[in-house]
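# Structure at a glance
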Amino acid sequence: MLRIMAVVLGVALCVSGCKAPAMDDATVRRLVDQGVDPDYIFRAKIPGFTALETSAEPMEGGGFRMTYVSDADPAVRAEFQAHRTALTGCPRTPIPRSDGTPTECADVAKGWYRSDGRHHEYLHALQRGSVRLSAPTNAISADDLLQTLTRSDSLWGPASRP
């Protein structure tokens, strides 16, 4: 309970001072109550997208995911995921919202850039775990994907930054 209160307090204090947007207190509480490890609840500001906090949900193993909606076209979505498991080699799992087309993978500084031609994503390793951000290639540049992951912050902190 103390940890949940600390996470919620951290969100409240961060509203004015953090470079990434704060997450609604009720969303944080809901995620923690559903088993999400507070270390893996991240804030991210994706250029041209708005967070759909009602989409935030737990993932297997204590991680979470959240959908972002394009400001220009509500049918266009991006997805942010935080995992408690480390990346080992270029993952062969499909890119979220992709149709399963074969994925090209390039090793980058702390993870991988993957693309199937229509969707792309960056995956970054954390001290413990990984984060990934995916979107259609025509909705956000690869550089903006990378910068968003670089600037994302765990609400709790110990999971580290990408």
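Bear in mind that the values here come from a model prediction, so they are computed numbers and not experimental data.

## What to know about the sheet that holds strand β6 (residues 111–115)
What the seven strands build is an open sheet, ordered β2-β3-β4-β8-β7-β6-β5; its pairing is antiparallel. With partners counted over all chains shown, the strands left at the sheet margins are β2 (49–59) and β5 (104–108), one partner each. This sheet shows a mean twist of 15 degrees between the axes of neighbouring strands, independent of strand direction. Running over the sheet, helix α2 (residues 25–33) touches β2 and β3 (63–70) and is turned about 20 degrees from β2. Seen against the sheet, helix α3 (residues 142–151) touches β4 (77–83), β6, β7 (119–125) and β8 (130–136) and runs at an angle of roughly 30 degrees to β7.

## Describing the pairing of β4
Most of β4 is tucked away: six of the seven residues are buried. In terms of strand pairing, β3 meets β4 through six bridges, oriented antiparallel. Residue pairing across strands places Phe64 opposite Ala82, the latter belonging to β4. Between the end of β3 and the start of β4, which pair antiparallel, lie six residues. Strand direction decides the pairing type here: β4 and β8, joined by five bridges, are antiparallel. Each residue of the ladder has a partner; that of Phe80, found in β8, is Leu133.

Procedures and definitions
- Residues numbered from 1 in each chain as written.
- Predicted model: local features only at pLDDT ≥ 70, side-chain atom pairs only at ≥ 80, totals over all residues.
- Heavy atoms only, no water.
- Pairing = 2+ DSSP bridges.
- Helix = DSSP H or I, 4+ residues; strand = E, 2+ residues; numbered from the N terminus.
- Axes fitted to C-alpha atoms, helices over the stretch in contact; angles between N-to-C directions.
- Contact = heavy atoms within 4.5 Å.
- Buried < 20%, exposed > 50% of the residue type's maximum accessible area, 1.4 Å probe, protein only.

Keep in mind that these numbers describe shape and distance, not what the molecule does.
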